[in-house]
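# What the coordinates show
Single-letter residue listing:
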Amino acid sequence: MARNLLGFDARALTDFFCEIGEKPFRSRQLLRWIHQSGTPDFEQMTDLSRGLRAKLAECAVVEIPQHVSGSEASDGTRKWLLSVGGGNAIETVFMPEVNRGTLCVSSQVGCALECAFCATGRQGFNRNLTTAEIIGQLWWAVRTLSLESDSARLGQHNVDRPVSNVVMMGMGEPLTNFDNVVSAMRIMLDDNAYGLSRRKVTLSTAGIVPAIDRLREECPVALAVSLHAPNDALRDQIVPINKKYPLRQLLAACQRYVDPLLGDDIPDVKWERKGAPRDFVTFEYIMLDGVNDSVKQARELVALTRDVPGKFNLIPFNSFSDSGFLRSSATRVRAFQDVLINAGLVATVRRTRGDDIDGACGQLAGRVRDRRSRRPDRITQSGQSLIEDRA
Ligand code: SAH
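First, a word on scope: everything that follows refers to the structure included in this document. (Residues numbered from 1 in each chain as written. Predicted model: local features only at pLDDT ≥ 70, side-chain atom pairs only at ≥ 80, totals over all residues. Heavy atoms only, no water.)

### Some details on the nonpolar core
Core analysis: the largest hydrophobic core is formed by 107 residues, its most contacted members being Leu5, Leu30, Leu56, Phe117, Met185 and Leu215. When residues of this core are assigned to their parent elements, the largest contribution, nine residues, is made by helix α5 (residues 131–148). Each residue touching Leu56, except ones within four places of it in the same chain, is listed here: Leu5, Phe16, Phe17, Ile20, Leu30, Phe42 and Leu48. (Core = buried A, V, L, I, M, F, W, Y, C linked by side-chain atoms within 4.5 Å. Buried < 20%, exposed > 50% of the residue type's maximum accessible area, 1.4 Å probe, protein only. Helix = DSSP H or I, 4+ residues; strand = E, 2+ residues; numbered from the N terminus. Contact = heavy atoms within 4.5 Å.)

### What to know about the site of the ligand
Around the ligand, a shell composed of 19 residues is seen, among which Phe117, Ser204, Ser226, His228 and Asn318 lie nearest. Within the backbone of Phe117, one N or O atom sits 2.9 Å away from a nitrogen atom of the ligand. Within the side chain of Glu284, one N or O atom sits 3.1 Å away from an oxygen atom of the ligand. If the ligand stood free it would expose 530 Å²; the protein chains cover 96% of that surface. At the level of elements, β10 (201–205), β12 (281–287) and β13 (310–316) are the ones that each hand at least two residues to the shell around the ligand. (Near = heavy atom within 4 Å. Polar contact = N/O pair within 3.5 Å; in protein donor to acceptor, adjacent residues only side chain to side chain. Areas by Shrake-Rupley, 256 points an atom, 1.4 Å probe, with all protein chains shown as cover.)

### Quick notes on the environment of Leu145
Locating Leu145 in the fold gives a position in helix α5. Placed 51 residues apart in sequence, Leu145 and Phe94 show a C-alpha to C-alpha distance of 9.6 Å.

### Considering the packing of α5 against helix α6 (residues 178–189)
Two numbers describe a pair of packed helices, the interaxial angle and the distance between the axes. Look at α5 against α6: their axes get within 8 Å of each other, and the N-to-C directions meet at 35 degrees. Between α5 and α6 lies a crossing whose hand is right-handed. Here α5 contributes Thr131, Ile134, Ile135 and Leu138 to the contact with α6, which in turn contributes Asn180, Val181, Ser183, Ala184, Ile187 and Met188. Per-class residue counts for the contact of α5 with α6 are seven nonpolar, three polar and no charged. (Axes fitted to C-alpha atoms, helices over the stretch in contact; angles between N-to-C directions. Left-handed = near helix turned anticlockwise from the far one by under 90°. Nonpolar A, V, L, I, M, F, W, Y, C, P; charged D, E, K, R; others polar.)

### Re helix α10 (residues 295–304)
Along an α-helix, a turn takes 3.6 residues, which lines up residues three or four apart on a common side. Burial in α10 covers these residues: Gln297, Ala298, Leu301 and Val302. Along the axis of α10, the buried positions cluster into a sector of 150 degrees, meaning they face one direction only. Among the exposed residues of α10, those oriented more than 90 degrees off its buried face are Lys296 and Arg299. Here the buried face of α10 lies against α8 (232–238), β12, β13 and α11 (330–342). (Arc of directions from axis to C-beta.)

### Structural notes on helix α3 (residues 50–59)
Considered for burial, the residues of α3 that qualify are Leu52, Arg53 and Leu56. Projection of α3 onto a plane perpendicular to its axis shows the buried side chains occupying an angular sector of 100 degrees, all on one side. Exposed and oriented more than 90 degrees from the buried face of α3 are Arg50, Ala57 and Glu58. For α3, the secondary structure elements touched by its buried residues are α1 (10–19), α2 (26–36) and β2 (60–61).

### Details of the packing of aromatic side chains
The full count for this structure, using the stated rule, is six aromatic pairs. Ring geometry for Phe317 against Phe325: centres 6.1 Å apart, planes inclined by 70 degrees, an arrangement best described as edge-to-face. As far as burial versus exposure is concerned, Phe317 and Phe325 are alike and both buried. Lying across the ring of Phe280, Lys311 places its NZ or CZ 4.1 Å from the centre. (Phe/Tyr/Trp six-rings, centres within 6.5 Å; stacked < 30°, edge-to-face > 60°. Lys NZ or Arg CZ within 6 Å of the ring centre and 35° of its normal.)

### Section: the pattern of salt bridges
In total, this model carries 15 salt bridges according to the counting rule given. Note that Asp213 and Arg256 form a salt bridge whose closest N and O atoms lie 2.9 Å from each other. Placement of Asp213 in helix α7 (residues 209–218) and of Arg256 in helix α9 (residues 247–258) is noted, with a sequence separation of 43 residues between them. The partner of Glu217 in a salt bridge is Arg216, with the nearest N and O atoms 3.9 Å apart. According to the relative accessible area criterion, Arg216 is buried, its value standing at 7%. Counted as one network, the salt bridges with shared partners bring together Glu22, Arg26 and Lys55. (Salt bridge = Lys/Arg side-chain N within 4 Å of Asp/Glu carboxyl O.)

Fair warning: the whole summary comes from geometry, so function is off the table for now.
Below, the structure is given as structure tokens:
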């Protein structure tokens, strides 16, 4: 079967070229053609010999993602639905700002973690995305935005580099699809491909502790952790993976992640600073009315995270049908934020983007077929209706 080179990072491409009897430096050329020129067609790769182009056409392809539909919110946020076969589709969201453009990338079809407040979690899990399907989202976004860049639609957005930041915050838990996510991030960071800095690629996790340690060793990027509760009793309920990796273990892993001294032993990676590219973890904290948003809980959160260098990002809850939760009022969010700030912490409130196209955090639903893991009592109501809305 022809191999899809879209998902091959530098290492995999080098191995591939050695295997077919070609020089390893071909991998650089291929990365540039595929990701910088956006060329999926070997015939157009004019600095490769005719013989090599023919050889590639025989044993490989560059299969680009299939676009199903797109929508644009009133604030300029774009959402694309990309087909990944078998009736499944994933969502990718682009958020333009004056000085940067952030792409929110999915890592799985659905999600198995079942966080109580998340639309993707309600849908259940179908499968991991391949490296090609993950990097394909960035390929698609860069290509589409570049083609549009001469038109007026991006407004003031800096179009030289339409996507300047990537957040692994779309559908799925990236650290339970570790190898494919890391390969895709290596392509994002590669100067022959997208050349993003490690600080501008952020991986968000609900807290898969051993994988946080592995990430630090294999591909340290900026880390965001979905905390959402100040104690295990509440976190067990709303982020069930907490039963497996409770807060004490999770916070210790966060501390290891940002500790520069621990970075000295990491071989084979070039980056500005040893260890993590940032010296703090971003703690995401969704504000759920009457559940986790009291002043008392804010104080508990300050005490809990005292030893970990972190910045807080308070996320207004984005609702979806049958979610069973309400967004905290602005007054409650402000009171909560004040407790953190008065304790000397950095705490910002995330601006909600794209909620009129269901493109905001926790609203991504895509299309998930044959869900292997789900809560039967909830999915038939909420998951089903979310899917039909988009069909
Ligand atoms: N599985 C990863 C990444 C995907 S979710 C994680 O849990 O971090 C990205 C962020 O959106 C997480 O912080 C997640 O908790 C948050 N989120 C999920 N559902 C949400 C909702 N309905 N409203 C606002 N944020 C939500």
